[in-house]
Every structure is written in structure tokens, then in C-alpha cells.
Amino acid sequence: MKDAVNFVVFFLFLYSCNSPYEKETVEVRWWTNTDKQLIISELKRTTAELKKEIDGLTDAQWNFKEDDTRWSIAEIVEHLEMQNQLHYREISVTVNGPRMLELRQITRGKDDYFSKYATDATKGIAQWYLEPLGRFCSQQEGKKAFFRARGELTKFVEQTDIDLRKQFTYRTSVDGKSIEDLKIGQVRDLHQLLLTGIAHTDRHLTQIMVIKKDTNYPN
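Residues numbered from 1 in each chain as written. Predicted model: local features only at pLDDT ≥ 70, side-chain atom pairs only at ≥ 80, totals over all residues. Heavy atoms only, no water.

A. Summary view of the nonpolar core. Within the largest apolar cluster, 22 residues are counted, with the highest numbers of intra-cluster contacts made by Ile39, Ile91, Val157, Leu164 and Leu194. Of all the elements in the fold, those that place two or more residues in this core are helix H3 (33-54), helix H8 (139-159) and helix H9 (190-213). Setting aside its immediate chain neighbours within four residues, Ile39 contacts Val157, His191, Leu194, Leu195 and Ile198. Counting 15 residues, the second largest nonpolar core, distinct from the first, contains Leu57, Ile73, Phe146 and Ile208. (Core = buried A, V, L, I, M, F, W, Y, C linked by side-chain atoms within 4.5 Å. Buried < 20%, exposed > 50% of the residue type's maximum accessible area, 1.4 Å probe, protein only. Helix = DSSP H or I, 4+ residues; strand = E, 2+ residues; numbered from the N terminus. Contact = heavy atoms within 4.5 Å.)

B. Just the side chain of Asp35, in detail. Tracing the backbone through its elements, the reader meets Asp35 in helix H3. Contact partners of Asp35, with chain neighbours within four places excluded, come to Trp30, Arg165 and His191.

C. Local environment of the pattern of salt bridges. Considering all chains together, one arrives at 17 salt bridges under this definition. Between Glu158 and Lys44 there is a salt bridge, with the nearest N and O atoms lying 3.1 Å from each other. Of this pair, Glu158 sits in helix H8 while Lys44 sits in helix H3, placing them 114 residues apart in sequence. For Glu158, a relative accessible area of 34% corresponds to the partly exposed category. Residue classification places Lys44 among the partly exposed positions, given a relative accessible area of 46%. Arg165 is the partner of Asp189 in a salt bridge, and the nearest nitrogen-oxygen pair spans 3.1 Å. A residue pair is termed long-range when its members are at least 10 positions apart, and Asp189 in strand E2 (residues 187-189) and Arg165 in the loop between H8 and strand E1 (168-170) qualify at 24 residues. By sharing partners, the salt bridges in this structure join Glu27, Arg99, Asp163 and Lys166 into a single network. (Salt bridge = Lys/Arg side-chain N within 4 Å of Asp/Glu carboxyl O.)

D. Structural detail: helix H5 (residues 73-94). Along its 22 residues, H5 runs 31 Å from first to last C-alpha, staying within 8% of the 32 Å computed at 1.5 Å per residue. The buried count for H5 comes to 16 of 22 residues, which makes it a mostly enclosed element. (Expected span 1.5 Å × (residues − 1).)

E. How the structure looks around H9. Its 24 residues give H9 an end-to-end C-alpha distance of 35 Å, which sits within 8% of 34 Å, the value for a rise of 1.5 Å per residue. Extensive coverage of H9 is indicated by the burial of 19 of its 24 residues. Measuring from the side-chain oxygen of the N-cap residue of H9 to the backbone nitrogen of His191 gives 3.1 Å; that N-cap residue is Asp189. (Polar contact = N/O pair within 3.5 Å; in protein donor to acceptor, adjacent residues only side chain to side chain.)

F. Local environment of the packing of H5 against H9. Put simply, H5 and H9 touch, their axes get as near as 11 Å, and they point 180° apart. Here H5 is positioned roughly antiparallel relative to H9, judged by the angle of their axes. Across from Ile73, Ile76, His79, Leu80, Gln83, His87, Glu90, Ile91 and Thr94 in H5, the residues of H9 making contact are Leu190, Leu193, Leu194, Gly197, His200, Thr201, His204, Gln207, Ile208, Ile211 and Lys212. The class makeup of the residues in the contact of H5 with H9 is nine nonpolar, nine polar and two charged. (Axes fitted to C-alpha atoms, helices over the stretch in contact; angles between N-to-C directions. Parallel < 35°, antiparallel > 145°, perpendicular 65-115°, else oblique. Nonpolar A, V, L, I, M, F, W, Y, C, P; charged D, E, K, R; others polar.)

G. Quick peek at a nonpolar patch on the surface. A surface patch of nonpolar side chains, about 370 Å² in accessible area, is lined by Leu86, Trp128 and Tyr129. One can find Tyr129 in the loop between helix H7 (111-115) and H8. (Patch = residues over 30% accessible without salt bridge, like charges linked within 9 Å, V, L, I, M, F, W, Y side chains within 5 Å. Areas by Shrake-Rupley, 256 points an atom, 1.4 Å probe, with all protein chains shown as cover.)

H. Spatial organisation of the side chain of Asp163. Tracing the chain through its elements places Asp163 in the loop between H8 and E1. If we ignore the near neighbours within four places in the chain, the residues touching Asp163 are Val28, Arg29, Trp30 and Trp31.

I. Structural context of the packing of aromatic side chains. As enumerated under the stated definition, the model contains five aromatic pairs in all. Residues Phe64 and Tyr217 carry aromatic rings whose centres are separated by 5.7 Å and whose planes lie at 85° to one another, so their mutual orientation is edge-to-face. Placement of the pair is Phe64 in the loop between helix H4 (59-63) and H5 and Tyr217 in the segment after H9, with a sequence separation of 153 residues. Accessibility classification places Phe64 together with Tyr217 in one group, the buried group. On the basis of an interplanar angle of 80° and a centroid distance of 5.1 Å, the ring pair of Tyr113 and Phe114 is categorised as edge-to-face. A relative accessible area of 40% means that Tyr113 is categorised as partly exposed. Sitting over the face of the ring of Trp62, Lys143 holds its NZ or CZ atom 5.6 Å from the ring centroid. Above the ring of Tyr117, the side-chain terminus of Arg203 is found at 4.4 Å from the ring centroid. (Phe/Tyr/Trp six-rings, centres within 6.5 Å; stacked < 30°, edge-to-face > 60°. Lys NZ or Arg CZ within 6 Å of the ring centre and 35° of its normal.)

Spatial relationships are all this shows, so hold off on functional conclusions.
Now the structure itself:
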């Protein structure tokens, strides 16, 4: 009888709220609500600022180029639309992949690396798949496409319960490499991918403002 009582006590201990065994099953979130709200706020801020810059443009202003080597506002918006689509696709695929939590050693505390891209003076060169090709025949179509892509990306962040700090994406092969061989930028978590997109938008907002200050910019 004593053994039976002891077994019942032990069983209740295992499943009590104070049981260390139960605590081991509780997953600690790395992507905090503060992280989530920051991304939502910054996506909305940059969207609103871009809208302000491109609202009310004439077709001449929309298509104006400082010279033949520079992009027009129309091309910048097309480029940003493609970037948002690609990031949405990248996130959608990555969240369904395996976690490699050891990569947190590389990404933890490194958000500033991606945010500072907004003001990096180094001139970027778009990959071929992000080069604008004049896919949109009108301002209306170009703007609609951008705001749709940015809206879907924002909605995903608002609605997801996935821990975006526990999923990683790469800009180099990690096969066969040790953690010590990898650097921030080569690996990023999905929160940092979103920071990259926000900083990228800020860079092009600055570019649009420069275009508007050109002495030949149409009135």
C-alpha cells in the first residue's frame, strides 16, 4: 500500500505546475513581441513615406532620369515591388524548413548590421532578377503592384505566430562549414531579413528625394 501511495505522489509531481519535466517542454520564444511590433511599425512607416513621395507625380516626373545610367522613380518602385515579392517568397519557404538553432551564435545581437544598410554610402548593384524592366505600363499599375506586395508582407508579419528568430536564411553555402567559418550577413534570421528589406526601402526613399532635387526634374 505504501508503494502505491508513493507512486501516486510521484505521478502527481510529474504533472504538477511545478514539475521540472513539464518546464522542459515549454519553448522559449526568441522573436519577442517587441521585435514583431518593430517590424510592423517600420514596414508601415516606410510604406507611408514612399506613398507620400510618389503621390501626385506627373508622368514626366514618374519617368524622369537624372541621366541614362540612373533609375527613374518608376524603376525604383518596380525594383522595390520585386524585392518585397522575393522576400515574401523567401520567408514563406524558409519557415517550413528545418531549424538550425546553432546559427543563433552568428546572428544574435547583430540587428544593427542590417539596419545600418539604410545609410551605407556604398553604391549597390542590383542582381539581374531585381533589375526593373518596365513591366508596368502606367503609374497606377506600378503603384498598385508595390502596395500589394508590401501589404501582403506586412499582413504576414502581423498574423504569424512563427518564431522568426529560429529560422535562418543564407547568402552563402553553409554545407560543410563550421560556425566559426560563417559571418553575419552570410547568415541571417528572418527578423533580420525583414530589417534588410526595410533598410533597402529607406535607401531608395533617399534616392527618390535626390531625383526630385535635380535641376532638370520636371515641375
